[in-house]
2 protein chains.
Amino acid sequence: MDNQSEVVVVGGGIGGLAVANGLARNGFGVRLLERADRFGEVGAGLQLGPNATRLLRDWGLLDDIIDRGVLPEQLILRDAVDGRVLTSLDLGAEFRRRYQAPYVVVHRSDLHDVLLTACKEAGVDLLTGHEVADVHLDADRAQTVCTNGTTFGSEVVLGLDGVDSGLRSTIVGDEKIDSGFVAYRGTMPADEAPESVDQRSVVAWLGPDCHLVQYPLRRGDLINQVAVFRTKGRPAGLDQAFADCCEAVRAGLGSLWRDRNWPMTDRLPTATWSHGRIGLLGDAAHPMLQYLAQGACQALEDAQVLTDQAVKHRRDHDWPAVLEETQNIRAPRTARTQRTARIWGEIWHVEGTARLLRNELMRTRDRSDHSPIDWLYGV
Amino acid sequence: MDNQSEVVVVGGGIGGLAVANGLARNGFGVRLLERADRFGEVGAGLQLGPNATRLLRDWGLLDDIIDRGVLPEQLILRDAVDGRVLTSLDLGAEFRRRYQAPYVVVHRSDLHDVLLTACKEAGVDLLTGHEVADVHLDADRAQTVCTNGTTFGSEVVLGLDGVDSGLRSTIVGDEKIDSGFVAYRGTMPADEAPESVDQRSVVAWLGPDCHLVQYPLRRGDLINQVAVFRTKGRPAGLDQAFADCCEAVRAGLGSLWRDRNWPMTDRLPTATWSHGRIGLLGDAAHPMLQYLAQGACQALEDAQVLTDQAVKHRRDHDWPAVLEETQNIRAPRTARTQRTARIWGEIWHVEGTARLLRNELMRTRDRSDHSPIDWLYGV
């Protein structure tokens, strides 16, 4: 392949690999540029709702992912202070029938690896060590200029370069928004986990300005944890943030990685993801807080819709139309997901009277009522 | 009657009259001392739950009260900002069957008048213009000394002198607690009420740090209103406090009395209501915020229990035992009512995420589920 291709994908994370794979499987010539020197994912566990696993199954990748992951039995919400179960969602046969796919938890690096292998098999030209400096648009081509001096020509450039997307700034003039919360993550061997850890379900412990999520990974060999707490206006660290939580929550904190943490940021929804032959997808288009565990899932949905539109326009090569139609199909849904994730975060972290109300609402709700999640997981 | 009687009741409000009537109807010699120069009630409407109307029926007074009041069709909670109905409680035949009595709203002065007439008929010695200065306890008598120099001897002194009870200070060394909210009240002719007023139900509009209650009185000829809002830390007045509320709420504010208002106060529950021959009842024993509309109702319950215990001890004249048994029977229930009223107030006045949770909880709750109120209204 010379320096020309039909498609340049910027960013080799989960979203970039997914869209590169989708396009390449459908016969498009795809070059993917990753800034880092090698492919890989930082982080730990990742939740895949049935809206994502349906796609992965269509792409022939779900069995591999299930092999490396876990099918959790339930999603369980508990009060982090008194430890009580607030509500739960059964992820068993009825759930899988309703949404025509399973709920899967998997290590981020495993999902990434499956997608990377798929891209290689599909003939994607995968380049690491290529940081994009600029994109120039001609009448019918785009020129992607890298900081190392290389330039790649293509009919379209897809920016999947994450929440800090450099390409986004050429399309939307907004700023990332700090939620004031930070996440600490970590995994531990399942046989070293505290007894209080449920090794078969996804459990979220909801506390005042803090929460802890726990679930199994790697066929149950690992326990994944994410601890999130408010730092804004609170100089105290991880342990102090969870000081009022029950023993079962505090018992998990010891195995979190202390050398790294993730500020939780998002942006306001935008309906404009593209400019001519440059289009944004995934976190670059709609970064969201993690409360719905939908960041990666929505990027996979983007990949499917973009691919569908590209196939539709295969003959006319009208990439601006592909990008615009993708954005028009996707933006209302991702905006809802972004907004709902924010509200969900508020609800998770309440205290006082609001906590009483939340707990009563959750405890008394009809657990067989799927209407609050049908919009997200439904076919 | 000379200056000796079996019982001295201090305070001629609804609670004082109720207990005086109960004792006199059962053959006790009762003298009632009212500080004011004449009997009467300030305020406007009053709600009587079935826990109160069952007693009034037993005392032969309910028909009179219904004649002067209204049997509302429903209790309705609405969001004061968007105006939406949150939940409702049907007060019709099924409610009356369940609790074996009706829900009645009546003018305070009408209830007071019915009780005053009953006391007169029962032979209570009713004295106005008698403010109690002190009570002395002997071995087997109490001496009630008034500021006008008169002294009354009795076997027992019952303090129903309200939230600012002078007698309470001889038994409990606590302070009244200001909730930071103030109530404005008022009545208007029903045919002059704004169209948005529901003339057949009790409607509470719940807003951020404010609420408005509306219901009919006097066979539907009057509309009663109570507007409550937080003043603590907010110098703004009534109209500003409701500025964010919907038109239907703001339309009612014009007919509130502006020359008088009621700071909303209560006290912490106490298990000690008596000292020897001095006993507290009603607001003097357990003043509560008005969110459950139970202040008068609980005073009526006190009257019944005290009377029952007095009858039980008719032969041994062991009034200290009567008071202690009354307090032991009543205090857990009135403490729950005091605490629940406070929580209810918090729930009524939330905003932001807590408001979303409250509204969702109220809107989705099963309206046929009476379990949250059975403890209060049940037989």
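Notes on the structure in this doc start here. (Residues numbered from 1 in each chain as written. Chains lettered and ligands numbered in written order. Predicted model: local features only at pLDDT ≥ 70, side-chain atom pairs only at ≥ 80, totals over all residues. Heavy atoms only, no water.)

### As for the overall build of chain A
Item 1. Each helix and strand counted, chain A has eleven helices and 17 strands in total.
Item 2. Relative to the 2.2 N^0.38 estimate, which gives 21 Å for 379 residues, the radius of gyration of chain A is 21 Å and therefore close to what a compact globule would have.
Item 3. The buried share of chain A, reckoned over its 379 residues, is 57%.
Item 4. Partitioning the intrachain contacts of chain A with sequence separation of at least 6 by distance along the chain shows that 74% fall at a separation of at least 24.
Item 5. Total accessible area on chain A is roughly 15600 Å²; 46% of this is exposed by carbon and sulfur atoms.
Item 6. For chain A, the separation between the mean place of its 42 positive charges and that of its 53 negative charges on side chains is 3 Å. (Helix = DSSP H or I, 4+ residues; strand = E, 2+ residues; numbered from the N terminus. Rg over C-alpha atoms; globule rule 2.2 N^0.38 Å. Buried < 20%, exposed > 50% of the residue type's maximum accessible area, 1.4 Å probe, protein only. Contact = heavy atoms within 4.5 Å. Areas by Shrake-Rupley, 256 points an atom, 1.4 Å probe, with all protein chains shown as cover. Lys, Arg positive; Asp, Glu negative; His and termini not counted. Charge placed at Lys NZ, Arg CZ, Asp CG, Glu CD.)

### Quick notes on the relation of the copies chain B and chain A
Item 1. The operation relating chain B to chain A is a screw motion whose rotation component is 180 degrees, with 0.0 Å of axial translation and a residual RMSD of 0.0 Å. Taken together, these values place the two copies in the relation of a two-fold axis.
Item 2. The share of interface residues of chain B whose copies in chain A are also at the interface is 100%, consistent with both copies meeting through the same surface. (Least-squares fit on C-alpha atoms with pLDDT ≥ 70 in both.)

### Description of the interface of chain B and chain A
Item 1. Across the contact, twelve residues belong to chain B and twelve residues belong to chain A.
Item 2. Between chain B and chain A, a total of about 940 Å² is buried, with carbon and sulfur atoms accounting for 88% of that surface.
Item 3. Interface area lost by chain B to chain A is led by T353(B), L357(B) and L361(B), which between them contribute 58%.
Item 4. Counting only elements with at least two residues in the side of chain B that touches chain A, the list comes to helix 9 (319-348) and helix 10 (352-364) of chain B.
Item 5. The leading source of residues in the side of chain B that touches chain A is helix 10 of chain B, at eight residues.
Item 6. In terms of residue class, the side of chain B that touches chain A is built from seven nonpolar, two polar and three charged. (Buried area = accessible area lost by both parts, 1.4 Å probe. Nonpolar A, V, L, I, M, F, W, Y, C, P; charged D, E, K, R; others polar.)

### Observations concerning the packing of helix 1 (residues 14-25) of chain A against helix 5 (residues 108-122) of chain A
Residues and elements named next belong to chain A.
Item 1. Closest axis-to-axis distance for the helix 1/helix 5 pair is 9 Å, and the angle between their directions is 25 degrees. What the angle tells us is that helix 1 and helix 5 run roughly parallel. In the crossing of helix 1 with helix 5, the sense of the turn from one axis to the other is left-handed. Residues I14, L17, A18, A20, N21, A24 and R25 of helix 1 lie in contact with helix 5, whose contacting residues are R108, L111, H112, L115, L116, A118, C119, E121 and A122.
Item 2. Residue composition of the contact of helix 1 with helix 5, by class: eleven nonpolar, two polar and three charged. (Axes fitted to C-alpha atoms, helices over the stretch in contact; angles between N-to-C directions. Parallel < 35°, antiparallel > 145°, perpendicular 65-115°, else oblique. Left-handed = near helix turned anticlockwise from the far one by under 90°.)

### Some points on the packing of aromatic side chains
Item 1. Tallied over the full model, the rule gives 18 aromatic pairs over all chains.
Item 2. Summarising the aromatic geometry, the rings of Y103(A) and Y377(A) are spaced 6.1 Å apart at their centres and angled 80 degrees between planes, so their arrangement reads as edge-to-face. Taken together, the residues Y103(A) in the loop between helix 4 (93-99) and strand 6 (104-107) and Y377(A) in helix 11 (residues 371-377) connect sequence positions 274 residues apart.
Item 3. In this structure Y377(A) comes out as buried when scored by relative accessible area, which is 5%.
Item 4. With a centroid separation of 5.8 Å and 75 degrees between ring planes, the pair formed by Y291(B) and W348(B) is classed as edge-to-face. Here the residue Y291(B) occupies a position in the loop between strand 17 (278-280) and helix 8 (295-312), and W348(B) occupies one in helix 9, the gap between them amounting to 57 residues. Summarising the burial analysis for this pair, Y291(B) and W348(B) share the class buried.
Item 5. Positioned above the aromatic ring of W262(B) is the side chain of R185(B), whose terminal nitrogen or guanidinium carbon lies 4.9 Å from the ring centre.
Item 6. The lysine or arginine in question, R336(B), covers the ring of W375(B), its NZ or CZ lying 4.1 Å from the ring centre. (Phe/Tyr/Trp six-rings, centres within 6.5 Å; stacked < 30°, edge-to-face > 60°. Lys NZ or Arg CZ within 6 Å of the ring centre and 35° of its normal.)

### Some remarks on the pattern of salt bridges
Residues and elements named next belong to chain B.
Item 1. This model, assessed by the stated rule, comprises 47 salt bridges over all chains.
Item 2. When the shortest N-O distance is used, the salt bridge between D125 and R31 registers 2.8 Å. Highlighted residues: D125 in strand 7 (residues 125-127) and R31 in strand 2 (residues 30-33), separated in sequence by 94 residues.
Item 3. We note a salt bridge from R258 to D239, for which the minimum N-O separation is 3.0 Å. With R258 in the loop between helix 7 (247-250) and strand 15 (262-266) and D239 in helix 6 (residues 238-241), this residue pair connects regions lying 19 residues apart in the sequence.
Item 4. Overall, the relative accessible area of 43% leaves R258 in the partly exposed class. (Salt bridge = Lys/Arg side-chain N within 4 Å of Asp/Glu carboxyl O.)

### Some thoughts on the sheet that holds strand 11 (residues 177-189) of chain A
All names here are of chain A.
Item 1. Spatial ordering of the open sheet is given by 5-4-12-13-14-11-15, a layout of seven strands whose pairing is mixed. Either end of the sheet is taken by a strand with one partner, and the two such strands are strand 5 (85-90) and strand 15 (262-266). Averaged over neighbouring strand pairs, the angle between their axes works out to 20 degrees when direction is ignored.
Item 2. Where strand 11 lies against strand 14 (residues 222-230), nine bridges are found, and the strand directions are antiparallel. Directly across from M188, in strand 14, lies its bridge partner I223. (Pairing = 2+ DSSP bridges.)

### A look at helix 10 of chain B
Item 1. A rise of 1.5 Å per residue sets the reference length of helix 10 of chain B, with its 13 residues, at 18 Å; its end C-alpha atoms lie 18 Å apart and thus fit the reference within 8%.
Item 2. Of the residues making up helix 10 of chain B, those classed as buried are T353(B), A354(B), R355(B), L357(B), R358(B), N359(B), L361(B) and M362(B).
Item 3. Those residues of helix 10 of chain B that are buried lie in contact with helix 9 (319-348) and helix 10 (352-364) of chain A together with strand 4 (74-79), strand 5 (85-90), strand 12 (202-207) and helix 9 of chain B. (Expected span 1.5 Å × (residues − 1).)

### Section: the pairing of strand 8 (residues 132-137) of chain A
Where a strand is regular, its side chains alternate between the two sheet faces.
All names here are of chain A.
Item 1. Direction of pairing for strand 8 relative to strand 9 (residues 142-146): antiparallel, over a ladder of five bridges. For L137, the partnering residue across the bridge sits in strand 9 and is A142.
Item 2. Where strand 8 folds back on strand 9, the antiparallel hairpin that results is connected by four residues.

### Quick look at unusual backbone geometry
Item 1. Positive phi, normally seen in glycine, also occurs at A293(A), with a value near 55 degrees.
Item 2. Secondary-structure assignment places A293(A) in the loop between strand 17 (278-280) and helix 8 (295-312).

### Re the side chain of R54(A)
All names here are of chain A.
Item 1. Examined against the element boundaries, R54 turns out to sit in helix 2 (residues 50-58).
Item 2. Within the buried set, R54 has no salt-bridge partner at all; the shortest N-O distance to an opposite charge, 5.7 Å, is to E301.
Item 3. Among the polar contacts made by the side chain of R54, one reaches the main-chain carbonyl oxygen of Y99 at a distance of 2.9 Å.
Item 4. Those residues in contact with R54, other than ones at most four positions away along the chain, are Y99, Q100, A101, Y377, G378 and V379. (Polar contact = N/O pair within 3.5 Å; in protein donor to acceptor, adjacent residues only side chain to side chain.)

### Overview of the side chain of S5(A)
Item 1. Its location among the elements puts S5(A) in strand 1 (residues 4-10).
Item 2. A distance of 3.0 Å separates a polar side-chain atom of S5(A) from the backbone oxygen of V7(A).

### Quick notes on the state of the cysteines
Residues and elements named next belong to chain B.
Item 1. Counted according to the given criterion, the structure contains zero disulfides over all chains.
Item 2. This cysteine, C119, is not joined by any disulfide, and C146 carries the nearest cysteine sulfur, 18 Å off.
Item 3. Between C297, a free cysteine, and C119, which holds the nearest cysteine sulfur, the sulfur-to-sulfur gap is 18 Å. (Disulfide = S-S within 2.5 Å.)

### Comments concerning the sheet that holds strand 11 (residues 177-189) of chain B
All names here are of chain B.
Item 1. Reading across the sheet, the seven strands line up as 5-4-12-13-14-11-15 and stay open at both edges, with mixed pairing between neighbours. In the strand order of this sheet, the two ends are held by strand 5 and strand 15, each with one partner. Across the sheet, the axes of successive neighbouring strands diverge by a mean angle of 20 degrees, strand direction being ignored.
Item 2. Judged from the eight bridges that link them, strand 13 (residues 210-217) and strand 14 (residues 222-230) form a sheet pairing that is antiparallel. By the bridge assignment, P216 is partnered in strand 14 with I223.
Item 3. Sheet strands touched by helix 9: strand 4, strand 11, strand 12, strand 13 and strand 15. Its angle to strand 12, the strand with the most contacts, is close to 65 degrees.
Item 4. Sheet contacts for helix 10: strand 4, strand 5 and strand 12; angle to strand 5, the most-contacted strand, approximately 40 degrees.

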